[in-house]
Amino acid sequence: MSSEYSYDEQGQFFPFFILTLSGLVTLPLTYTLLCPSKDEDALAPRIKTDYKTEHAATVDALRTTQKRKQWRVKRAIVVVVGWALMAGMVYLIMVTQRTVPKLWNPYDILGVSESFTEKQIKSHYKRLSVKFHPDKARPDPAKNETLETLNDYYVELTKAYQALTDEDVRNNYIQYGHPDGKQSFSMGIALPMFIISDGNGKYVVLVYTMLLGVLLPYLVGSWWYGTKRRSKEGILMESANNLFRQYEEGIEEGAIITALSTGKEFDEVFKGDKADAGLSKIESRITAESDTVPIASGMSVKDKEQLEDLDNGVRRKALALLWAYLGRVELDDAALTKAKYEVAPIARALNQSFAAISLAYGNIDPIARSYSTSQHLIQAIPPKASPLLQLPHFTNSVVTAVEGDSKTHMSVQQFMDRPDATRRELAVGEDLLTDKQYDSAISVAKQIPYLRVAKAFFKVTGERFIIPSSLVTLVIKGRFIPPGTENIPAVNELDLEDIDPDEDDLEGNSGKKKVLKGPDGKPILVDEQVISPPLAFAPHYAREVSPKWYAFLSDSKQGKMAVPPFAFTKFDQPIVDDKGNPTFNMQTLKAQFAAPPQAGHYTFVLHVVCDAYVGFDTKMEVTLVVEEASKAAAMQAEDDISEPEEDTLAGQMQALKTGQAPKPRRNDDDSDEESGTEEEEEDTSATNTDTEDES
Amino acid sequence: MALPAFLDIDWKGLALPFAYVIVLAGALMTFSSVYRKRKAAESANLAPWFGPHLQRNIYLSLLHMQPEEGGEKTPRIPDSVLRAALLRRAVEDIRRLIQIKNAKQACSSLLQRGSVGDDLWQRFQRAEKEMEAELRDVVQEANALAPNWGQSIFQSAHEMAGNAHIRTQIDDLLATTESEKKWWEKRRGQIQSDFMKEIDSSEQSPSKAASEEDAVLVDTPSKSKKKGAKK
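Residues numbered from 1 in each chain as written. Chains lettered and ligands numbered in written order. Predicted model: local features only at pLDDT ≥ 70, side-chain atom pairs only at ≥ 80, totals over all residues. Heavy atoms only, no water.

A. Structural detail: the overall build of chain B. The secondary structure content of chain B amounts to 7 helices and 0 strands. The secondary structure elements of chain B, listed N-terminal to C-terminal, are α-α-α-α-α-α-α. Split into buried and exposed, the 231 residues of chain B put 21% on the buried side. For chain B, long-range pairs separated by at least 24 residues make up 69% of all intrachain contacts whose partners lie at least 6 apart in sequence. Summing over all exposed atoms, chain B offers an accessible surface of approximately 17,400 Å²; the carbon and sulfur share of this is 60%. (Helix = DSSP H or I, 4+ residues; strand = E, 2+ residues; numbered from the N terminus. Buried < 20%, exposed > 50% of the residue type's maximum accessible area, 1.4 Å probe, protein only. Contact = heavy atoms within 4.5 Å. Areas by Shrake-Rupley, 256 points an atom, 1.4 Å probe, with all protein chains shown as cover.)

Take a look at the structure:
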């Protein structure tokens, strides 16, 4: 009894095998390709304006090329090939008829029904043996019979008969499915026969070597070096290294721009002779003197010196183009103009890496300046220039007319806070804006989402006090009020509270719904919404940007970062209604971090920064009060007995007790966290060392 | 059969598996040796963290200008000059040392997060080692020039560096004096003329409230215009 392996000679199994394999790859890929596009930027609202810059066509062309790059062509090709392969395999499966191995069945051979009794079988067999005995039957050439086949057939008949009548043979039949006992069995391998057939061996070995010896190492290697080539921020490692070397503690925005030009990404943009083409022209244009600003591109004398110190080449050209972009300097050359708009998105990507580097250093100035550089890059405004340039049609001469001879720049809010007549008088005039241009500028300004923080406080979910090393939530409450909005409704006090969902409330805890305080003071559940802010108004920037808000805490005395930034891109309340008017909904931003391990009062500066607009940042002081764990527990126990009203004697006592420390500072015993109070502070650098969560 | 059964091996048939093992092992070994050599060459070619150390070069060349053979008539470098040069060198070292100390934590955390590359870290570590050797060298030199000076040279160097830093800041501030002065002069003139104008106008037309009302009137139509534009 031998066993043997048989290959798939008729090709009836391997299509199944390949179908399954290709299906495993193709189906998930197809899903990722066709799944509802996550690209919310396409769905995000836009700021409505009819303003077009002079080079709007170039900027738009660059935006479309970028979008086309993201089309995932490779994946689509793989999916198409996969589906073709699967279709082919299905076709093969349909076409090949299956050879079903026949089971040896004595009843079929004898041609009797299974209900026959032994007697009937016997008589049937006798009749057949008379007819088919090799001695009797004559081979019939017409039926392609020979003596041998007749012989075999008779033996079969006999076997079948014995299987049904003889005890031993019947046992064999029952046990092994065949009267002769154990049969050889074969293992099918779903590989087509040609793989092992003679002569093909060498090709198979060749393919095998190519797959395992060449393709696999190549794929693994390219993946490995691909991941090593780019940093976590998605820029080339070499650029990141250069940026790290450029970091300085007191780096200014202009110096950051200079540092960004070290990026290796620019090498790809300015290949070959492109590196020097038109460089002198750009430089003469950007360093030219104009009547409104000392240097046309808005660079400082120091920045100019740094540019001139560079060697000719890619870096110098990239830097010159960056300044041309920031200063909105006209270059009068299609190729140069295109390059000018191309460098800004690259510089912004590099700037993100620079922000990560300055975050690692932890000094607040470079971090803030790196965010500010991002704003300036998106809006195409040189550092230290007026934020008013963000508005359409505003040029340096208009800005000078509006700002007068002031030393400090006027922000868009300040400009919009003035009465319309005053604004108009300043901005409209000969060589300045026309009435129509002024109106379009104002309409854009009235759509800029400006997050005005109403309140910021700390809390621990489900607890009344913040104890050392607990997981603190920073809650920022604010409303989007575009500059120049009139009739701003007063803040609803109920909106400012942040209520924890009940512990047994699954929906509230899972974050699907959130709790609001209704008008009667009772908590109500509201469905959580996800609202994208409108895309940034950035007519010069060759990408579409969804603005992000960053909130971080710094220690103002040491100039260090205390809690690293949290990014917010989506909000929980609609920002504008159907007509595009602001809704004044209270937005809630939350960020969690670990409280300092020592009790005390910590005063932080809260920064809320929008990365897309210049001059819309918020800075405010917040105080984190951390209580001793034992004291908090004691207070908790007391509270359980009865909660004294604020204005009763017990309440006063409670207030005195809780605020025992040097001076009784608590007048409101419910909110143990208050913003804007000035307290002594302790070492806050310990804030982010301990991540234990004890709550 | 002359040979015992266990020696009767089909060597020809075994050649293939042996070749396979040899080729595999050989390939891996070449790969590893080439890779290591490349790495070593790469790290040897890494750019130094700091530029050339000018102060050290000055000090060393001063030191070697000492007359060695009595034949040549080179003037003897006075010890005070040598000391000053060494102090300058120490100041530069302090500057570099502070830079390295500040960068160390940031660099290692960035490396862990994958925000900067491996070779930056290697360069950094080498710079650190060089710095250590340099400090030791300066201390030895100082001790050779004056007994026990090595213990205090870096303290004075640190103070000098701090002083120089403050001085540059003051210079930067003072450099803006001229433009500030000019601006304030201009501003004063402007305020004066504005004030005079105001006095004149208030004498002529005392109806200030009326003009304010006027402004409000202008405000309303433009507002409605904008709302219309938005719809």
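Having seen it, we continue.
B. How the structure looks around the pattern of salt bridges. One pass over the full model with this rule turns up 17 salt bridges over all chains. The closest approach of N and O atoms between K384 of chain A and E252 of chain A, which form a salt bridge, is 3.0 Å. Taken together, the residues K384 of chain A in the loop between α17 (364-379) and α18 (396-403) and E252 of chain A in the loop between α10 (237-246) and α11 (253-260) connect sequence positions 132 residues apart. A residue is classified by how much of its surface remains accessible, and K384 of chain A, at 59% relative accessible area, is exposed. Across the salt bridge formed by D137 of chain B and R89 of chain B, the nearest N and O atoms sit 2.8 Å from each other. Of the two residues, D137 of chain B is situated in helix α4 (residues 118-145) and R89 of chain B in helix α3 (residues 79-113); the sequence distance between them amounts to 48 residues. (Salt bridge = Lys/Arg side-chain N within 4 Å of Asp/Glu carboxyl O.)

C. Representation of the UniProt feature "transmembrane region" (unreviewed entry) in chain A. Residue and element names in this part refer to chain A. On the UniProt side, "transmembrane region" (unreviewed entry) is annotated at positions that read residues 12-34, 76-94 and 203-225 here. For residues 12-34, the end-to-end C-alpha separation is 32 Å, with 91% helix and 0% strand making up the annotated structure. Here residues 76-94 runs as 100% helix and 0% strand, with 27 Å between its end C-alpha atoms. (UniProt positions renumbered as here; feature names shortened; annotations may be inferred.)

D. Inspection of the pairing of strand β10 (residues 600-610) of chain A at higher detail. All names here are of chain A. Most of β10 sits out of view: 11 of its 11 residues are buried. Alternating positions in β10 separate into two faces, G600, Y602, F604, L606, V608 and C610 on one and H601, T603, V605, H607 and V609 on the other, with burial throughout. When strand β7 (residues 549-555) meets β10, the two strands line up antiparallel, connected through 6 bridges. What sits directly across from L553, in β10, is L606. Strand direction decides the pairing type here: β10 and strand β11 (residues 618-626), joined by 9 bridges, are antiparallel. Looking at the pairing, T603 lines up with T623 of β11. (Pairing = 2+ DSSP bridges.)

E. Geometry of the sheet that holds β11 of chain A. Residues and elements named next belong to chain A. Strand order in the open sheet made by the 4 strands is β8-β7-β10-β11, with antiparallel pairing throughout. In the strand order of this sheet, the two ends are held by β8 (560-568) and β11, each with one partner. The sheet shows a mean angle of 25° between the axes of neighbouring strands, direction not considered. (Axes fitted to C-alpha atoms, helices over the stretch in contact; angles between N-to-C directions.)

F. Inspection of the environment of T373 of chain A at higher detail. Residues and elements named next belong to chain A. For T373, the location among the structural elements is in helix α17. Spatially, the C-alpha atom of T373 lies 9.4 Å from that of E252, the residues being 121 residues apart in sequence. Leaving out residues up to four positions away in the same chain, T373 has contacts with E253, I256, I257, L260 and N351. Polar contacts involving the side chain of T373 include one to the main-chain carbonyl oxygen of R369, which spans 2.7 Å. (Polar contact = N/O pair within 3.5 Å; in protein donor to acceptor, adjacent residues only side chain to side chain.)

G. Quick peek at the sheet that holds strand β3 (residues 451-459) of chain A. Residues and elements named next belong to chain A. Reading across the sheet, the 3 strands line up as β3-β4-β9 and stay open at both edges, with antiparallel pairing between neighbours. Only two strands of the sheet have a single neighbouring strand rather than two, namely β3 and β9 (586-594). Looking at each pair of strands side by side, their axes are set apart by 20° on average, direction ignored.

H. Focus on the UniProt feature "transmembrane region" (unreviewed entry) in chain B. Following the UniProt record, the feature "transmembrane region" (unreviewed entry) maps to residues 14-35 of chain B here. Across residues 14-35 of chain B one finds 100% helix and 0% strand; the C-alpha atoms that close the span lie 32 Å apart.

I. Just empty space enclosed by the protein, in detail. Residue and element names in this part refer to chain A. All chains considered together, the criterion is met by 1 cavity of 30 Å³ or more. Quantified by volume, the largest cavity comes out at close to 40 Å³. Considering the residues around the largest cavity, the lining is formed by Y51, R328, Q379, L389, Q390, L391, P392, P539 and H540. In terms of residue class, the lining of the largest cavity is built from 5 nonpolar, 3 polar and 1 charged. (1 Å grid on protein atoms, 1.4 Å probe; cavity = no way out; pocket = protein on both sides within 12 Å on 5 of 7 lines; lining within 4 Å. Points joined across faces, edges and corners; volume = space filled by probe spheres on them. Nonpolar A, V, L, I, M, F, W, Y, C, P; charged D, E, K, R; others polar.)

J. Examining the interface of chain A and chain B more closely. Every contact between the two is made by 27 residues of chain A and, on the other side, 31 residues of chain B. Taken together, the two surfaces of chain A and chain B that pack against each other cover about 2,800 Å², and 52% of this comes from carbon and sulfur. Applying the counting rule to chain A against chain B returns 0 salt bridges. At the surface where chain A touches chain B, the tally comes to 5 residue pairs in polar contact (both at pLDDT 80 or more). Looking at the side of chain A that touches chain B, the elements that each hand over two or more residues are α9 (201-229), α10, α16 (334-361), α20 (420-427) and α21 (435-445) of chain A. Looking at the side of chain A that touches chain B residue by residue, the classes come out as 10 nonpolar, 4 polar and 13 charged. (Buried area = accessible area lost by both parts, 1.4 Å probe.)

K. Main features of unusual backbone geometry. Non-glycine residue R328 of chain A carries a positive phi angle of around 50°. Positive phi, normally seen in glycine, also occurs at K384 of chain A, with a value near 70°.

L. Structural view of the pairing of β7 of chain A. All names here are of chain A. Taken across its 7 residues, β7 has 7 buried, putting it largely inside the fold. Side-chain alternation along β7 places W549, A551, L553 and D555 on one buried face and Y550, F552 and S554 on a second face that is also buried. With 6 bridges connecting them, β7 and β8 associate as antiparallel partners. Looking at β8, one finds that S554 is bridged to M561. Counting the residues between successive antiparallel strands, the hairpin from β7 to β8 contains 4 residues, one of them, G559, with a positive phi of roughly 65°.

M. Layout of the packing of aromatic side chains. Going through the model one piece at a time under the given rule, you end up with 23 aromatic pairs over all chains. Relative to Y161 of chain A, the ring of Y125 of chain A lies with its centre 3.9 Å away and its plane at 5°, an arrangement referred to as stacked. Of this pair, Y125 of chain A sits in helix α6 (residues 118-132) while Y161 of chain A sits in helix α7 (residues 147-165), and the two are 36 residues apart along the sequence. When sorted by exposure, Y125 of chain A lands in the same class as Y161 of chain A, which is buried. Aromatic side chains Y247 of chain A and Y361 of chain A sit 3.8 Å apart centroid to centroid with 5° between the ring planes, which places their arrangement in the stacked category. A residue pair is termed long-range when its members are at least 10 positions apart, and Y247 of chain A in the loop between α10 and α11 and Y361 of chain A in helix α16 qualify at 114 residues. The class of Y247 of chain A is buried, set by a relative accessible area of 8%. Among the aromatic residues, those joined into a ring-pair cluster are F244, Y247, F354 and Y361 of chain A together with W49, W121 and F124 of chain B. If you follow K455 of chain A out to its NZ or CZ, it ends over the ring of F457 of chain A, 4.7 Å from the centre. (Phe/Tyr/Trp six-rings, centres within 6.5 Å; stacked < 30°, edge-to-face > 60°. Lys NZ or Arg CZ within 6 Å of the ring centre and 35° of its normal.)

N. Broad picture of the nonpolar core. Among the nonpolar cores identified, the biggest contains 147 residues, and F244, F394, F415, F458 and L553 of chain A are the most heavily contacted of them. By size, the runner-up hydrophobic cluster in this structure holds 16 residues, among which are L110, Y154, A160 and Y173 of chain A. (Core = buried A, V, L, I, M, F, W, Y, C linked by side-chain atoms within 4.5 Å.)

O. Fine view of the packing of α7 of chain A against helix α8 (residues 167-176) of chain A. All names here are of chain A. Between α7 and α8, the shortest axis-to-axis distance is 6 Å and the interhelical angle comes to 95°. The orientation of α7 relative to α8 falls into the category roughly perpendicular. Between α7 and α8, the contacting residues are K159, Q162, A163, L164 and T165 on the first element and E167, V169, R170 and Y173 on the second. Along the lines of polarity and charge, the residues of the contact of α7 with α8 split into 4 nonpolar, 2 polar and 3 charged. (Parallel < 35°, antiparallel > 145°, perpendicular 65-115°, else oblique.)

P. Here's a closer look at the side chain of Q379 of chain A. Structurally, the position occupied by Q379 of chain A is in helix α17. With near-sequence residues (within four places) excluded, Q379 of chain A lies in contact with R328, Q390, F537, A538, H540, A612, Y613 and V614 of chain A.

Q. Inspection of α4 of chain B at higher detail. Between its first and last C-alpha, α4 of chain B extends 41 Å over 28 residues, near the 40 Å set by a 1.5 Å rise per residue. Residues of α4 of chain B that are buried sit in contact with α10 of chain A together with α2 (54-64), α3 and α5 (153-175) of chain B. (Expected span 1.5 Å × (residues − 1).)

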